[in-house]
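Spelled out, the chains give:
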Amino acid sequence: MGVVAWLKSLFILQLLIGFVFVVSGLIINFTQLCTCVLWPFNKQLYRKINTRLAYSLWSQLVMLLEWWSGTECTLYTDQATVDKFGKEHVIIILNHNYEIDFLCGWTMCERYGVLGSSKVLAKHELLKVPLIGWTWYFLEIVFCKRKWEEDRETVFSGLNRLRDYPEYMWFLLYCEGTRFTEKKHEISMQVAESKGLPKLKYHLLPRTKGFTTTLQCLKGTVEAVYDVTLNFKDKQNPTLLGIVNGKKYKADMSIRRFPVEEIPDDEKECANWLHKLYQEKDALQEHYEKEGCYPGPTIKTKRRVWTLLNFLFWATLLLSPLINFAWDVFVSGSPLLIIGFMIFLIVASVAVRRLIGVTEVKKTGSSYGNIEAKKEN
């Protein structure tokens, strides 16, 4: 282990990074709350301000991936598609196999200037997660309980509200509805068999309602659908904890662009189009499994310095008073102050660990396969 790798593995440094993220996030959330007074008078100004506030928070996680971990992302697509990145409203369809798939998606958003305005159809439970759910609330993220009768009105109103969004947005959809596990895959393929649909090897059966509804509501706003299939070299299974520990991964993304006008308007035909797309995604993963890469040309995009500068700004602002306070506590010799500070460190480490736990596969529950879940498609 080199000196740099050893430093990255030090718990105290990881705790300081977590401290910067949590405290800056709370400051950003409070600022977002203050901007709510703008909504009745200038909705678009409110959105532009919150887009930049969200960037200041999310880019710290991107910084961990790009600069702390040094993870590389290679795109398998053509230059004509890349030239449109960040210049149009789009729906992103991404496979949901890894703990950091969202972070790889955010990396591409950051490199093409749409990180702050990126959207997602998120499960309602995330609304209660500090920093993440709170920031998304101010960004007008659409939350759903994955029960269509309860979600119908909320989803339609939330999506229709985004039709006049002033910044180019990438709207992420995990059409599988939940992260891939072997158990969920077994249940999913039983559903596929009962519906007479082709079985998938590397994906769950897509839930079509979210996609067809999103496309219906945002038609006229979004210009294309990007199908993104993600995998990692050498059968790596990356985790957010691994990123925090400074472990480097090599991500590969196959990206295909489909103009909206090529996708059927009819709900049933649109659902069939999505099922066909997932069969093609499965074939891409099969190719990757055999060849270690996706077919087609490769493009390597460069990381931008803005994520690092943003983190250094927050670190300078927040760590200087923390370090001074810690020094004063220990030189004071007061057992009460020292014990109190140690308790603070323990609470902070637990809080950071719980935030990381939100991404862990083994902790992401789902009702996938229940009778009720089966009815949603």
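Please read all numbers here as calculations on a predicted model, not as lab measurements.

With that settled, consider the packing of aromatic side chains. Under the criterion given, the structure shown has 17 aromatic pairs. Relative to Tyr-294, the ring of Tyr-76 has its centre 5.6 Å away and its plane inclined at 80°; by these criteria the two rings are edge-to-face. Pair noted here: Tyr-76 is in strand β1 (residues 72-76) and Tyr-294 is in the loop between α11 (267-291) and β8 (298-300), with a separation of 218 residues, a long-range link. The pair formed by Tyr-76 and Tyr-294 is uniform in burial state, with each residue classed as buried.

Once that is clear, we can look at the UniProt feature "domain: Phospholipid/glycerol acyltransferase" (unreviewed entry) in the protein. The positions UniProt marks with the feature "domain: Phospholipid/glycerol acyltransferase" (unreviewed entry) are residues 90-212. Span residues 90-212 is 41% helix and 14% strand, its end C-alpha atoms 14 Å apart.

Okay, the sheet that holds strand β5 (residues 170-173) next. An order of β4-β3-β5-β2-β6-β7-β1-β8 is seen for the eight strands of this open sheet, with the pairing classed as mixed. One side of each edge strand has no neighbouring strand; the edge strands of this open sheet are β4 (142-144) and β8. Strand-to-strand twist of the sheet, defined as the mean angle between neighbouring strand axes without regard to direction, takes the value 30°. When strand β3 (residues 119-123) meets β5, the two strands line up parallel, connected through two bridges. Note on β5: the bridge partner recorded for Lys-119 is Phe-171. Running at roughly 160° to β5, helix α9 (residues 208-218) makes contact with β2 (90-94), β3, β5 and β6 (224-232) of the sheet.

Unusually for a residue other than glycine, Leu-131 sits at a positive phi of about 70°. With respect to the secondary-structure elements, Leu-131 resides in the loop between β3 and α6 (132-138). Classification of Leu-131 by relative accessible area gives buried; the value is 1%. Notably, Glu-140 is not glycine yet its phi reads approximately 65°, a positive angle. Checked against the element boundaries, Glu-140 lands in the loop between α6 and β4.

Definitions and limits used
Residues numbered from 1 in each chain as written. Predicted model: local features only at pLDDT ≥ 70, side-chain atom pairs only at ≥ 80, totals over all residues. Heavy atoms only, no water. Phe/Tyr/Trp six-rings, centres within 6.5 Å; stacked < 30°, edge-to-face > 60°. Helix = DSSP H or I, 4+ residues; strand = E, 2+ residues; numbered from the N terminus. Buried < 20%, exposed > 50% of the residue type's maximum accessible area, 1.4 Å probe, protein only. UniProt positions renumbered as here; feature names shortened; annotations may be inferred. Pairing = 2+ DSSP bridges. Axes fitted to C-alpha atoms, helices over the stretch in contact; angles between N-to-C directions. Contact = heavy atoms within 4.5 Å.

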